[in-house]
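# Reading the structure
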Amino acid sequence: MSSQTLTSMAAAVPSGVSSRLYEFVAHSGSACCTALTKSSSRLLATGGDDCKINLWSVSNAKCIMSLSGHKSPVECIQFKESDEQLASGSQSGTLQVWDVEAAKVLRTLVGHRANITSLSFHPYGFFLASSSMDTNIKGHTQAVRSLAFSPDGKWLASASDDSTVKLWDLTLGKTITEFTSHSAAVNTIQFHPNEYLLASGSADRTVKLWDLEKFTMVGSLEKDTTPVRCVHFSLDGSCLFSGSTDSLRVFGWEPDRCFDVVSVGWGKVSELSVSNQQLVGVAHQASMVSLYAVDLKKVKMTGSAVIQGSAQQNEPSTEPKGTKGVALRRNYVRPTTTCSTQRLKQHIDADRRSPEGERRSPSEDEQSSAEIHDMKDYNMIFQPKNPMARTPPKMSELFLAPAEEVFLPISRPHKDRVFHVPEKQQHKAPPAAASTSEPRAELPVVAPPPAVPRSSHLPSPPSQTSAPSARGRSHIIPSSRNEPVGLNIADFLPSPPNEHGFISEEDALSQITKGHQTMIAILSSRHKNLQNVRMVWARDDLKSAFKMAVSMNDFSIVVDILNIINNQTALWKLDLCTEVLPQVEKLLQSKYESYVQTGCSSLRLIMNHFWPLITDTLKATPSVGVDITREERHQRCQLCCDHLKKLSVLVKAKASQVGRNGSTFWELQLLMVPLDDTL
């Protein structure tokens, strides 16, 4: 998606330690699988029933690119360690390897006869391991659920629904050992980053650790109350994170202990990754994908054990004495990477130059395509000329939950709380703004908003650059204008002639097409967002569709929806008013005239058609007995009344403006006179 792509971004759910970053509709059908990039966890890939792979920026939940090529639902995806390649497996058993930087498919591979269940790239070679419901990794009697290469690339571990974990020697091509202590399907496995140690998580609600020198179990951690869905070692390998349906647990071993328990409630968590003292978790349910962050600085990863979710404060640490800094077992010996890295780069470059190179199914490759939704983010993340974007984030660059937009009440002036965005940031709109009625999004948090006039009950804001002679005039961008907002016309005109008095045809074309791709990407993203809102409207109801539009944090989408329903009063219901009125308050404070007019139209409709119902309901005598329907209606009416009171104050303050907005606010002020009796 952008929902296409981004279709529903939920508010943060802070808990001090964990928070939900985003929740959005990832696919038009169900989301089947997820994968985070290995190096920095800055990019998320999702596969769905719509046979597409969508790539998202974790920092803002924007869909950067969609990959199309599979003919059946995508059920498994995995990034290569370098993050330059992505493998995907479908329900039909087809595999595709994508070059995400070049935005194209490198290979389409066939061989499996059923759903692909797991993928893993070799850390150094040009190999890809895949497992399937067809149990083609011989030795397992049921579906293989997870694969992992050892850090030195010599072994491959596989976990299965038959409750076993097998270890394979890639050089000898045979099984080394089999671990059989689990009593239910094994969902996930991971090698320790340094030591000869393997962790496995199972539907039997246990995490087990296996010594790969002695091939024995050295730990069995049985604290989870629900099946273990994923495990992940910390970066230094000092502890193990275990993700289940309701929580994150932090384990130690030798001896077995639980350092901490964090209540997250992420549901079907499918991916864990550690980046910059944060643990990022990804969960999916139906078409929705959620991103969570856990602040590891607030999580205990060493020390005393935790029993039933609470730490033993009065008992000494159970950490083994004398073992700190002493290796209990062998470490992996990784091969020298200089030559292999050069060979890998040459191999990737050769694939890019010769896309028809070793493909197994060129006919399917020819039908594969990549659609870039956000050219700016795509260039920032994928283009080689911007290598800094591919490195791990700095310590200060954490994943932050999206802050709610703040519009301070108009009746509470704040002289020293006026936030001014520099002009270059305010008008950083791409050329797409020149071809649409309004820019795609506004900058939030302007307090007090620039549209507020100077009046007796409001202090004058700090000195402004606007002309002081225009009474009540604020910086409003009119709907009808002769030039685009935030753009310099000179930038789109041919450069001054050179000393010979002319410019070349190439320079002229370059000027004309400047920013065209960015404009197309933005318009495509907006169009697909609207399509997803329309889909939810058809599937559920108008209220759900409007809530989705609001969650996108893009006022242009909200305005588009309101412009449709403002002309169809039959679509309005009281519960919709409770969702619309908070957005009307924001729209009335917008600097764009068309946004203000749309908000005024919605407010006028609500006053004309719902104010009588609201007053009658609030003044009615309470009924005898329990009437749930009436109580719910009363709550909605009270909520609407509270919003309308705030809006009445705002409308009065703006009624002194001149021009079209001033006339509209004056009319609304007269319409809202009955509210004075309730203030």
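See the structure above.
Figured I'd write up the structure that's included with this text. No experiment lies behind these values; they were computed from the predicted model shown. Here the residue numbering is sequential within each chain, running from 1 through the sequence in written order. Totals for whole chains, interfaces and linings use all residues, but because this is a predicted model, local features are given only for residues with pLDDT of at least 70 and pairs of side-chain atoms are given and counted only at 80 or more. Heavy atoms from the whole structure form the basis of all side-chain values; hydrogens and water molecules are not counted.

## As for the overall build of the protein
Convention followed: Every helix listed is a DSSP run of H or I at least four residues long, and every strand listed is a run of E at least two residues long, numbered separately from the N terminus. Accessible area is worked out with a 1.4 Å probe on protein chains only. A residue is then buried under 20% of its type maximum, exposed over 50%, and partly exposed in between. Surface accessibility in these figures is a Shrake-Rupley result with a 1.4 Å probe; residues are shielded only by whichever protein chains are displayed.
When helices and strands are counted, the protein shows 12 helices and 29 strands. Looking at the protein as a whole, 49% of its 679 residues qualify as buried. Just so you have it, the protein exposes about 32,100 Å², and 52% of that area is on carbon and sulfur atoms.

## Quick word on the pairing of strand 3 (residues 43-48)
Note the threshold: DSSP calls a pair of strands paired once it identifies at least 2 bridges connecting them.
The buried fraction of strand 3 amounts to 6 of the 6 residues, a majority that puts the element mostly inside the structure. Neither face of strand 3 is left uncovered, since the one carrying Leu43, Ala45 and Gly47 and the one carrying Leu44, Thr46 and Gly48 both have all their residues buried. Between the end of strand 2 (residues 31-36) and the start of strand 3, which pair antiparallel, lie 6 residues, with Ser41 showing a positive phi angle near 60°. Bridge analysis of strand 3 against strand 4 (residues 52-57) gives 5 bridges, and the strand direction is antiparallel.

## With respect to a nonpolar patch on the surface
Applied cut-off: A residue counts toward a patch only above 30% relative accessible area and without a salt bridge, and it is joined to like-charged neighbours within 9 Å or, for Val, Leu, Ile, Met, Phe, Trp and Tyr, to nonpolar neighbours within 5 Å. By convention in these notes, a salt bridge is any Lys or Arg side-chain nitrogen within 4 Å of a carboxyl oxygen on Asp or Glu.
On the surface, Trp666, Leu670 and Val673 cluster together into a nonpolar patch covering about 320 Å² of accessible area. Here Leu670 lies in helix 12 (residues 659-671).

## Some remarks on the packing of helix 8 (residues 555-565) against helix 9 (residues 574-587)
Quick reminder of the rule: Orientation is described by axes fitted as lines to C-alpha atoms, over the contacting stretch for helices, and by angles from 0 to 180 degrees between their N-to-C directions. Orientation is classified from the angle alone, with under 35 degrees giving roughly parallel, over 145 giving roughly antiparallel, 65 to 115 giving roughly perpendicular, and any other angle giving oblique. For any pair of crossing helices, the crossing counts as left-handed if the nearer helix is rotated counterclockwise from the farther one by less than a right angle, and right-handed if it is rotated clockwise. By definition in these notes, contact holds between two residues if any of their heavy atoms fall within 4.5 Å.
The interhelical angle for the contact between helix 8 and helix 9, taken along N-to-C directions, is 125°, at an axis separation of 12 Å. As summarised for this structure, helix 8 and helix 9 are arranged oblique, according to the angle between their axes. By crossing handedness, the relation of helix 8 to helix 9 is classed as left-handed. Together, Phe555, Val558, Val559, Leu562 and Ile565 of helix 8 and Leu576, Val580, Gln583, Lys586 and Leu587 of helix 9 make up the contact between the two elements.

## Quick look at the pairing of strand 10 (residues 116-121)
Of all the 6 residues making up strand 10, 6 are buried; the element is thus mostly covered by neighbouring parts of the structure. For strand 10 and strand 11 (residues 128-132), the ladder comprises 5 bridges, and the chain directions are antiparallel. From the neighbouring strand, Phe121 faces strand 11, where its bridge partner is Leu128.

## Observations concerning the sheet that holds strand 16 (residues 186-191)
Here 4 strands make up an open sheet; going across it, the order is 16-17-18-19 and the pairing antiparallel. At either margin of the open sheet sits one strand with a lone partner, and together these are strand 16 and strand 19 (216-221). The average angle at which neighbouring strand axes cross in this sheet is 20°, direction not considered. Relative to strand 19, strand 18 (residues 207-211) runs antiparallel, the two being bridged by 5 bridges. Looking at the pairing, Leu209 lines up with Gly219 of strand 19.

## Remarks on unusual backbone geometry
The residue after Glu254, namely Pro255, is reached through a cis peptide bond having omega 5°. For Pro255, the position within the fold is in the loop between strand 22 (247-252) and strand 23 (257-263). Unusually for a residue other than glycine, Cys51 sits at a positive phi of about 70°. Taking the relative accessible area as the measure of exposure, Cys51 reaches 18% and is therefore buried. Of note, the phi angle at Ala103 is positive, near 55°, even though the residue is not glycine. Its place among the elements puts Ala103 in the loop between strand 8 (95-99) and strand 9 (104-109). For Ala103, a relative accessible area of 17% corresponds to the buried category.

## Observations concerning the pattern of salt bridges
Under the counting rule described, the total for this entry stands at 9 salt bridges. Salt-bridge contacts for Arg526 lead to Asp560; the nearest nitrogen and oxygen are separated by 2.8 Å. Here Asp560 lies in helix 8 and Arg526 lies in helix 6 (residues 516-539), a separation of 34 residues in the sequence.

## Things to note about the sheet that holds strand 13 (residues 155-160)
In space, the 4 strands of this open sheet follow the order 12-13-14-15, with antiparallel pairing throughout. With one partner strand each, in any of the chains shown, strand 12 (144-149) and strand 15 (174-179) form the two edges of the open sheet. Geometrically, the sheet is characterised by an average inter-axis angle of 20° between neighbouring strands, direction not taken into account.

## Considerations on helix 9
Formally: For a helix, the expected span equals 1.5 Å multiplied by the number of residues minus one. Two axes are fitted around each residue, one to the seven residues ending there and one to the seven starting there, and the angle between them is reported as the bend at that residue.
The terminal C-alpha atoms of helix 9 lie 20 Å apart, and with 14 residues this matches the ideal 20 Å at 1.5 Å per residue to within 8%. The largest bend in helix 9 amounts to roughly 30° and is located at Val580, with the proline Pro582 lying one to four residues further along. Along helix 9, 11 of the 14 residues are buried, which leaves the element largely enclosed by surrounding structure. Turning to helix 9, its buried residues are Leu574, Leu576, Cys577, Thr578, Val580, Leu581, Gln583, Val584, Glu585, Lys586 and Leu587.

## Let's talk about the side chain of Asp83
Selection criterion: In protein, a polar contact requires one atom able to donate a hydrogen and another able to accept it; more generally it is a pair of N or O atoms within 3.5 Å, and residues adjacent in sequence count only if both atoms are side-chain atoms.
Along the chain, Asp83 falls in the loop between strand 6 (74-79) and strand 7 (85-90). Within the structure, Asp83 has its side chain in polar contact with the backbone nitrogen of Lys38 (distance 2.9 Å).

## Digging into the packing of helix 10 (residues 593-619) against helix 12
Between helix 10 and helix 12, the least distance of the axes is 11 Å, while the angle of their chain directions is 15°. When the interaxial angle is binned, helix 10 and helix 12 end up roughly parallel. With respect to the hand of their crossing, helix 10 and helix 12 are arranged in left-handed fashion. From helix 10, Glu593, Val596, Gln597, Cys600, Leu603, Arg604, Met607 and Asn608 reach across to helix 12, where they touch Arg660, Asn661, Thr664, Phe665, Glu667, Leu668 and Leu671.

## A closer look at helix 11 (residues 628-654)
An ideal rise of 1.5 Å per residue puts 39 Å on 27 residues; helix 11 measures up with 39 Å between its terminal C-alpha atoms. Along helix 11, the residues classified as buried are Arg630, Cys637, Cys640, Cys641, His643, Leu644, Leu647, Ser648, Leu650, Val651, Ala653 and Lys654. Where helix 11 is buried, its residues contact helix 9, helix 10 and helix 12.

## Overview of the nonpolar core
Applicable threshold: For the purposes of this section, nonpolar cores are sets of buried Ala, Val, Leu, Ile, Met, Phe, Trp, Tyr and Cys residues that join through side-chain atoms within 4.5 Å.
One finds Trp572, Leu588, Leu603, Ile614, Leu644 and Leu647 to be the most contacted residues of the largest nonpolar core, which totals 49 residues. Those elements that place two or more of their residues in this core are helix 6, helix 7 (542-551), helix 8, helix 9, helix 10, helix 11 and helix 12. Ranked by the residues each element gives to this core, the list is headed by helix 10, at 10 residues. Excluding residues within four positions of it along the chain, Leu603 makes contact with Leu581, Val584, Leu588, Leu644, Leu647, Val651, Leu668 and Met672. One finds Leu43, Ile64, Leu86 and Val105 within the second-largest nonpolar core, a separate group that totals 21 residues.

## Quick word on the environment of Pro335
Turning to its location among the elements, Pro335 is positioned in the loop between strand 28 (310-311) and helix 1 (337-353). The sequence separation of Pro335 and Gly153 amounts to 182 residues, and the corresponding C-alpha distance is 8.7 Å. Here Pro335 is in contact with Tyr124 and Asp152, once residues within four sequence places are set aside.

## Brief notes about the environment of Thr37
Here Thr37 shows up in the loop between strand 2 and strand 3. Along the chain, Thr37 and Gln85 lie 48 residues apart, while their C-alpha atoms are 9.8 Å from each other. Not counting residues up to four positions away in its chain, the partners in contact with Thr37 are Arg42, Leu43, Phe79, Asp83 and Ser273. At 3.3 Å, the side chain of Thr37 forms a polar contact with the backbone nitrogen of Arg42.

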